[in-house]
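# Structural overview
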Amino acid sequence: MEVSVFELLAAAREIQGTDYVEGDGIMCGKRYDKQTAHMIEFSFLEEKNGLSGKSRYHRSFLTDDGYRQALAKEAHGEIRIVRYARLNGSALSYKAPPVELAAG
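Here the structure is a predicted model, which means the values were calculated and not measured.

## What about the overall build of the chain?
Looking only at helices and strands, the chain features two helices and five strands. Secondary structure elements of the chain occur, N-terminal to C-terminal, as α-β-β-β-α-β-β. Burial statistics for the chain: of 104 residues in total, 35% are counted as buried. The contacts in the chain between residues at least 6 apart in sequence include a share of 66% that link residues at least 24 apart. Summing over all exposed atoms, the chain offers an accessible surface of approximately 6500 Å²; the carbon and sulfur share of this is 52%.

Written out as structure tokens, the structure reads:
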């Protein structure tokens with residue numbers, strides 16, 4: 001399993017309880033699901049939903065369909081994606097998020 005320094009630091013913050021990101025853990029089971037293709041860290045632009053808590057950012061591991069839904073939420077001004085990674089096996093490849101996904 002390939003793990004970056006960023007992932008090791010995120011895992012250490014999670015263990016210590018000082019992680020600034022809520023949601024999926026950096027090494028959670030969703031990351032290793034065969035359908036999972038994307039990881040995003042995002043912030044809510046409005047506080048009207050129940051997910052906005054003490055943390056500034058939220059992390060989600062997503063399928064292609066889930067990522068399309070996140071892009072739609074960003075387009076509607078509900079969230080802002082601040083970090084994106086494409087999964088290559090279980091390895092995260094950080095890059096700029098694609099503006100849209102081709103229909104699959």
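## Some points on the environment of Ala10
One can find Ala10 in helix α1 (residues 5–16). By relative accessible area, Ala10 is classed as buried at 0%. In the structure, Ala10 is positioned eleven residues away from Val21 in sequence and 8.8 Å away in space, judged by C-alpha atoms.

## Regarding the confidence of the model for the chain
Reading predicted coordinates in detail is not appropriate for stretches of low pLDDT. Confidence in the prediction for the chain averages 81 pLDDT; 76% of positions are at 70 or higher. When mean pLDDT is taken per element in the chain, helix α2 (residues 64–75) scores highest with 95 and α1 scores lowest with 71.

## Re the sheet that holds strand β1 (residues 21–23)
Taking strand neighbours across the sheet as the criterion, the five strands line up as β1-β3-β2-β4-β5 in an open arrangement whose pairing is mixed. At either end of the open sheet lies a strand with only one pairing partner, and these are β1 and β5 (91–94). Each neighbouring strand pair of the sheet contributes to a mean axis angle of 35°, computed without reference to strand direction. Direction of pairing for β1 relative to strand β3 (residues 57–62): parallel, over a ladder of three bridges. Within β3, the position partnered with Glu22 by the bridge is His58. Sitting on the sheet, α2 is in contact with β2 (38–44), β3 and β4 (79–88), with an inclination near 160° to β4.

## Side note on the nonpolar core
With ten residues, the main nonpolar core is built from Ile40, Phe42, Phe44, Leu62, Tyr67, Ala70, Leu71, Ile79, Ile81 and Tyr84. Listed in part, the nine residues of the second largest apolar core include Ala10, Cys28, Leu87 and Leu92.

## A word on the packing of aromatic side chains
According to the stated counting rule, one finds two aromatic pairs in the structure shown. Between Phe42 and Phe44, the ring centres sit 5.3 Å apart and the planes meet at 80°, which makes this aromatic pair edge-to-face. Each of the two residues, Phe42 as well as Phe44, counts as buried. Considering the side-chain rings of Tyr67 and Tyr84, the 5.1 Å spacing of their centres and the 40° angle between planes classify their relative orientation as tilted. Within this pair, whereas Tyr67 is found in helix α2, its partner Tyr84 is found in strand β4, the two being separated by 17 residues in sequence.

What counts and what doesn't
- Residues numbered from 1 in each chain as written.
- Predicted model: local features only at pLDDT ≥ 70, side-chain atom pairs only at ≥ 80, totals over all residues.
- Heavy atoms only, no water.
- Helix = DSSP H or I, 4+ residues; strand = E, 2+ residues; numbered from the N terminus.
- Buried < 20%, exposed > 50% of the residue type's maximum accessible area, 1.4 Å probe, protein only.
- Contact = heavy atoms within 4.5 Å.
- Areas by Shrake-Rupley, 256 points an atom, 1.4 Å probe, with all protein chains shown as cover.
- pLDDT = per-residue confidence, 0-100.
- Pairing = 2+ DSSP bridges.
- Axes fitted to C-alpha atoms, helices over the stretch in contact; angles between N-to-C directions.
- Core = buried A, V, L, I, M, F, W, Y, C linked by side-chain atoms within 4.5 Å.
- Phe/Tyr/Trp six-rings, centres within 6.5 Å; stacked < 30°, edge-to-face > 60°.

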